[in-house]
Structure formats: C-alpha cells, structure tokens
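Working through the structure, step by step
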Amino acid sequence: MAKLWAIIKREYLERVRSKWFLIATFFGPIFFSAIIIVPAWLASRSKATTDVYNTIILDATDSGFGHRLAVAIAGDSTNASRMPTVRVVPPAELTKAESTATREVMRKEKTGYVVINQQTLAGESARYAGTNATSIADMAQIKNAIRETILASRLEQAGLDNRKMKEITFIPLDFSTERITERGRAGSGMASVLFGFAIGFLLYLSIVVYGQTIMSGVLEEKTTRVAEVVMSSVPTDTLLAGKVLGVGAVGLTQQILWIGTTYVLLKLRAPIMAKLGAPVMNFSLPDISLAAGILFLLFFLLGFIFYSSLYAAVGSSVNSESEARQAASPLMIMIVSTGVFIQPVLLNPTGTLAKVLSLVPISSPIIMPIRMAVTGVPPLELAGSLIFLAIGCLAALWLASRIYRVGLLMYGKRPTMKEMARWVSYAR
Amino acid sequence: MTEYAIDIVDVTKRFAEHTAVRDLTLRVPTGSVYGLLGPNGAGKTTTIRMILNIIAPDSGKIYIFGRPSNDPKITERLGYLPEERGLYRKMQVRRVLKFLAELKGVRGSEADRRIDEWLERLSLKTPEKDWGLAKIDELSRGMQQKVQFIGTLLHDPDLVILDEPFSGLDPINAQALKDTVVELKRRGKTVIFSTHLMDNAERLCDSVCIIARGEKVLDGIVTEVKEEQGQRNVALALEGNGAAGVATILRDHSMVKRADDQNRFFEIELAPGADPQALLKRIVDSGASVQRFEMIQPSLHQIFLQKVGATGVEEGMTGHG
C-alpha cells in the first residue's frame, strides 16, 4: 500500500509541478469563458452601436425634418451628446455640403452622413454614406428613425397634436422568443444544452489528454528502463494502478480548478460584459444536485480508468512515440467517434441512439453525463449504464495489466495483434 | 542468515519462440561475489529477472535468503541495477532517489539522510554545487550512472544484483564500482553480477556460473573451477617474433589443443596426454629463444571458450542476455 502511494505521489506531483499543467490550468477557464462570452458579445453586435449618434444630417428639405430625425435617432431629446449634428442646406448647395461631410468622415471626425430631401419627405428615398455602412444594425436604426419621422410628420399634417402622436407611435414592444421542439416547449433550453455540451467537451478533452499522458509516461519508463527497476520493487499491477490513479488525480485537480475559476469568471460576467459595451443577458447555469455531481464524478473516473488503462497497455507495447501514435489510433477512433455523436445526442437526448450509446462503455462515460445535463434520465438506465461501464473497466484493466507486464520487458519490433493476444495468455 | 542468498532449483522459462532458461540449478552463497557468465543471449537477464520476480519461471523454484522469491518482503532486501540504464529524465535527482527509496520501504528523513550521504560520497554534492537539485537530463552520462548506482544501494540491500554493470562505464566509474563491490562483500552483503567480460569476473568473483543457451555449463568457486580444469595450460613467451617453426609446432594437434595469442605471450592448452617437457624441447630445438615457459592455471576466459565455444553464442531472443 505504501508503495502504491509512492507511485501515485510521484505521478501526481511531477505532473502538477510541470509548467504545462500551470499553463493549461490558467488558460482553461479563460478559454471556456471566452466560449460563453464571445457569442453573447457577438449577439450584442446585432444592436446598433453608438456610431449612429456621431453622424451628420444634411437637411435639404427646409421643413425642420432634420432636427426631428436627430431626436428620433438619439431616441431621447434631452441627451445632447447622442444627438447627430444637423446642417440645414439649400438644395443647390447640397453637393458642396456632401463633399465637406465626406472629408470629415475621412478625417474620422464623424462616422457618416444622412442626406434628406423632398423625396425623403415623400417617403421615396434617403441616402447614407459612412464608415459603418455595412453594419446592418446601424443602418436599420437610421432607416427606422427616418420612417418614424416621416410617419410623425404625416400624422402631424393629418392634424394630430404632438402628445397624441407620441401616444400613437409609442409601441415599446417586448418581443420574447421561445423554441418549440417535438418534446414541447424547450423552456430555458439553451442554457442546459450549453451546459451539457461543456460537460461532454470537458470529459472528452480530459480522456484524450490524460490518456495520452499515461501512454507517454509508460513509454518513457519503458524506454529509459526505469520500469525494470520499479518492477523489481513492486508488482506490475500496483505500478499500473498507481499510474492510473495518480494521473487521474491530476485530471481531477485540473477540472476542479477549471470549474471553480470558470464559475467565478461567470459570476464576474456582468461587469466584463459591461466593459465590452454589451448588454447583460440573463443567463443562469442549471442547478446541479449533489447526487448529480457525484454521478458526473463517477462517470469521469470510470471512463478515465477505462481509457487510460488501455492507453497504458498501448504505451507498454511499443518502443517509440511514433509507434505509440499509430498503435493508439484504435483508441482515438473510439473516442473521436463518441465525440461525433455529442451533437445528435444533445438534440435528441432521449432517442434510441442516445440510449444505446449511454450503455456502451466506449461512449457511455461521455454520453451519459451529457444526457443527464439536458434531460432527466430514468434511474434504471443510469444504473445499467454504470454497471456496464464498471464491467468494461474491469475487463479493460484485466486486459491492460496482462499486456502491460509483458510489454514493458519486450524490446525490438512492435508486436502484432496475435503476439499481444499471446501475451494476455502468459501466466506472468 | 541462511547459507544461500539465492537458491535456484530446476528452473525453466520458455518464451514463445524458444527456451530462455532450461533446468537451471544454482546456489549463490551468502556473502559472496558471484559472477553469472555467458555470451549474449545465454539467459543471464532472464535468470536475473526471475530472481527479482519480474517474471515468473514456468517450472522450478527460486528462494532468496530461504524465502520464495515472490515474497513481497524480500524485494526490500534486493538492489537491482539493470543492464540498460535510465531514469526519469525530467525529474529532479533527489526526487528520483527518494522515489526509489520509498519503493524499497525507506521513507522520510531517513531517506533524505541517506541520499545526502551518498551524493556526498560520490561527489555529486559539493559545497560549490549540489547536483541533487538538478534534473536528471542536466547530468552527464557518468553522473547519471552514479545516480542510478545510488538508487540501487540506497536501501542498503543484502543482495545486490548488477546486470552487466561494467558496460558503458568510464574507467573512473568502473573503479568506483569495483571498490563498492569489494566494500559490500566486506560488510557481508551478497553481490551477483552478470557479465561477458571474463577479466572483471576473474578479478572480482568468489564463485561463478557459466551458462550458455539457457543451460548451466559449469559453476563453482573460481579457484576450484580452475583447479578442476587442471594444470594443462602453458604460458609461452618468445624473444622477438619467434621462429616460423614455432607456429608449426603450435598447430600440431598431438601436442597443442588450442593456442591463444595474447600478444605478449601465448596461452597454450595442451592436448590430452601431451607432455609439456616434450613441447618445450621441440620449441627450443626449432631455434626459438624462449623467454617464459610456465605451467599456469587456465584463465576464466580460456575455460569459457573451451566450455562454450563458438557454438554457444546464439542470437538473443529477448534482445539481451
């Protein structure tokens, strides 16, 4: 037991002390937060920016339309800083005024200018030129302001007074959207799908990264022949168990740090979004019960044991990194093909595909936690998934320990599948 | 203390393609320096791995200090230096040593104390520089060998097993290793090492076992082994290059079974029934000027060649020994 502990301790401390671990642990939460914050920020780009306030209105109508348009663009008549500059120009001098405005835009003093004339009053046309001409949101804002102003002046001409007119045109419509799927209303579906995806991605990443970590660790011990010294002191099963547990603990440490800091960053999300000039959206992580948390942990540990013991077996059977990459490709295919199914399962977490994949040990450690995050999974299915996964783990460990103890002492050419099958049958 | 540090009884180990060790029986007396000699691929490393319980024999028994070799307590009394050496490259020297000590049941401050002692003894820790704080791959090859050697002896094992310990050692480290082997023996420890370098074995070993193709060829105390081979060898040195006639005489198989040119002298194994005096007379008669004509014990090297011969060398199936 003390020897197992010595091995776990070495595996854990040597990895946690490495620069790579520090870097990954530090950048992980930044990366995950970026995944969540950037889309929200991009979404906020669909709202008009402050650019529309820094424009010039060239009014050739001689009807005070320009001033009313400025108020409409600003959306608030009291805030002078948001009010575009209005220049009333005679129609004959419009071309000259446009040239002046163009130079101002080129000097970056202004974002652009709107030209309004008699055609505008007639509701036929208006022109805009500026650096933000490609911004759909900005253009929509200006266009709406022009329409609003035309409508207002027509209503005024029809004899409505100012107050009445405001009453009629004021429509503060709150347009909330909700998605309906074949299972009915999705509710706050987006958040739990995002969460499910994050869980799946995290498990997927950890298994790939730490599986390969174990593989190269085993390979290093083999090529440097440290393995022989260690094997003369402890049984190979203890060595294998120590490696899997030690590296698993590193993975768990990293995930706890990641989840912890990501949580804090998300708490600080509002101030960050405010700094970016984006409106704060209501976004709450789904509540996770303690039981669900423990189940996530269990799936991670079992899935990790399943894959990392197989990776260890691969590492012991080869002689170089390049051979290892080749030999590990069946494992990689198993993991990647599971990754491919993450999205279909997210879209239909109660379908047959999802149910089957969450029973097969190859995919269940990734798929089942995703399903748990997005939908309620019946306890019977959960139990079945765990039992199959546990059996899969035992089988993987049995197979791996047998390949491992022979492979570590075999040098020379890479073994064929047939030879490896024979190793499994060796007594020791 | 039991009489035998290692007692191997009728051990056989087969691999898929061949039998690595066949019906091997040998005993290593406690407190002796024991040489396991044999050509590459003879089964030395397989034997050592079985002694260390890294692999299990297919049949037969191995006892270490009277206990079965798979007794977990026994491993803490063994120290092992494998043939191909290496350590965790990215790990600090002290941490590697501490890890190896913990695997052998030496923990905490006791391990630290011994590590300091050894680092200082092998001048890896001096007032100017403490290599213990460096990483393994910052060390020179010679220093890495020292560290590995410390790892083998840190837990003060009663039985030290060295697989081809002299291969790749520079003369200074080789001398240090030899001194340590002698020192270990003086302290009552048992040392067993495999080698195909007969000169080292002859100088260091109390007893030897020669194996070839997985089978024991002979074993015993070095002096007895040599005596058993009889006084049938002659050292012959001639003045100058010697006469051409001498070469003819040495090829005469009624007198000479084998003549090995050692450069400064010939080591001659007499043919059965040949009279050394008659040989001397023929050489003198041929006109050569004899500098030395001496009955000697055969060297281990000669015994080895005689017993194993060229046919004893077989391609190793496990990659080494």
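Preceding block: the structure.
Since the structure is predicted, the reported quantities are computational estimates derived from the model, not experimental observations. Going along each chain's sequence as written, the residues are numbered from 1 onward. Chains carry letters from A onward and ligands carry numbers from 1 onward, assigned in written order. For this predicted model, a pLDDT threshold of at least 70 governs which residues receive local features, and a threshold of 80 or more governs which side-chain atom pairs are given and counted, while totals over whole chains, interfaces and linings are taken from all residues.

1. Overview of the overall build of chain A
The helix and strand labels rest on DSSP assignments: H or I over at least four residues marks a helix, E over at least two residues marks a strand, and numbering proceeds from the N terminus. Within chain A, the regular secondary structure consists of 19 helices and six strands. Classification of the 428 residues of chain A by burial places 34% in the buried group. Partitioning the intrachain contacts of chain A with sequence separation of at least 6 by distance along the chain shows that 73% fall at a separation of at least 24. Put plainly, a residue is buried at 20 or more neighbouring C-beta atoms within 10 Å of its own, exposed at 12 or fewer, and partly exposed in between, counting only other residues' C-beta atoms, which are placed from the backbone. Any two residues are considered in contact once their C-beta atoms, placed from the backbone, lie within 7 Å.

2. Focus on the overall build of chain B
Within chain B, the regular secondary structure consists of 10 helices and 14 strands. The C-alpha extent of chain B, read off along each of the three principal axes, is 75 × 50 × 35 Å. Expressed as a percentage of the 321 residues in chain B, the buried residues total 42%. Taking all contacts inside chain B whose residues are at least 6 apart in sequence as the whole, residues at least 24 apart take part in 73%.

3. Topic: the sheet that holds strand β2 (residues 19-29) of chain B
Paired through backbone hydrogen bonds, the strands of a sheet run either parallel or antiparallel to each other. Residue and element names in this part refer to chain B. Note on pairing: two strands pair once DSSP finds at least 2 bridges between them. What the four strands build is an open sheet, ordered β2-β1-β4-β5; its pairing is antiparallel. Every interior strand has two partners, whereas the edge strands, β2 and β5 (67-68), have only one. Bridge count between strand β1 (residues 4-14) and β2: seven bridges; the pairing is antiparallel. Each residue of the ladder has a partner; that of I6, found in β2, is V28.

4. Regarding the interface of chain B and chain A
Taken residue by residue, the interface counts 23 residues in chain B and 20 residues in chain A. Those elements that provide at least two residues to the side of chain B that touches chain A are β6 (78-81) and α2 (93-103) of chain B. By residue number, the principal contributor to the side of chain B that touches chain A is α2 of chain B, which donates four residues.

5. Re the environment of Y404 of chain A
All names here are of chain A. Looking at the element boundaries, Y404 is found in helix α18 (residues 379-407). Given 26 C-beta atoms within a 10 Å radius, Y404 is considered buried. Remark: the alpha-carbon pair of Y404 and S316, spanning 88 residues in sequence, is separated by 5.4 Å.

6. Considerations on the nonpolar core
For the purposes of this analysis, a nonpolar core is taken to be any set of buried Ala, Val, Leu, Ile, Met, Phe, Trp, Tyr and Cys residues that are connected through C-beta atoms within 7 Å. By size, the foremost hydrophobic cluster in this structure holds 134 residues, and its most contacted members are A312 of chain A together with V96 and I161 of chain B. At 11 residues, helix α12 (residues 290-317) of chain A tops the list of elements feeding residues into this core. Counting 22 residues, the second largest nonpolar core, distinct from the first, contains A72, V86, A101 and V114 of chain A.

7. As for the sheet that holds strand β2 (residues 85-88) of chain A
All names here are of chain A. In space, the four strands of this open sheet follow the order β2-β1-β3-β4, with mixed pairing throughout. Strands at the two margins of the open sheet, each flanked by one partner only, are β2 and β4 (127-130). Each neighbouring strand pair of the sheet contributes to a mean axis angle of 20°, computed without reference to strand direction. Note that strand β1 (residues 55-59) and β2 share four bridges and pair parallel. Following the sheet pairing, D59 is matched in β2 by V88. Between N-to-C directions, angles span 0 to 180 degrees; the directions come from axes that are lines fitted to C-alpha atoms, helices contributing only their stretch in contact.

8. Structural notes on the packing of α12 of chain A against helix α17 (residues 364-374) of chain A
Residue and element names in this part refer to chain A. One can describe the packing of α12 onto α17 by two numbers: an axis separation of 9 Å at closest approach and a directional angle of 165°. Relative to α17, the element α12 lies roughly antiparallel. Relative to α17, α12 is oriented so that their crossing is left-handed. Across the interface between the two elements, A292, L295, F296, F299, F300, L302, G303 and F306 of α12 pack against P365, I366, M368, P369 and M372 of α17. Small angles under 35 degrees read as roughly parallel and large ones over 145 as roughly antiparallel, with 65 to 115 read as roughly perpendicular and the rest as oblique. Less than a right angle of anticlockwise turn of the near helix away from the far helix marks a crossing as left-handed, whereas a clockwise turn marks it as right-handed.

9. Points about the pairing of strand β9 (residues 207-212) of chain B
All names here are of chain B. In terms of burial, β9 is a largely internal element, six of the six residues being buried. Of the two faces of β9, the one lined by S207, C209 and I211 and the one lined by V208, I210 and A212 are each fully buried. Here four bridges tie strand β3 (residues 33-37) to β9, and the two strands are oriented parallel to one another. Opposite Y34, over in β9, you have S207 as the bridge partner. Taken together, the six bridges between β9 and strand β10 (residues 215-221) define a ladder with antiparallel strand orientation.

10. Observations regarding the pairing of strand β11 (residues 233-238) of chain B
Residues and elements named next belong to chain B. Here four bridges tie β11 to strand β13 (residues 266-270), and the two strands are oriented antiparallel to one another. Bridge pairing links A235 to E267 in β13. Pairing analysis gives six bridges linking β11 to strand β14 (residues 290-296), with the strands arranged antiparallel. Residue L236 lies in a different strand from β14, and its bridge partner there is F293.

11. Focus: unusual backbone geometry
Residue and element names in this part refer to chain B. The phi dihedral of D156 is positive, around 50°, even though this residue is not glycine. Of note, D156 is situated in the loop between α4 (141-153) and β7 (159-163). Of the residues examined, D156 has 15 C-beta atoms within 10 Å and is grouped as partly exposed. A positive phi angle, close to 45°, is found at E164, a residue other than glycine. Within the secondary structure layout, E164 lies in the loop between β7 and α5 (171-186).

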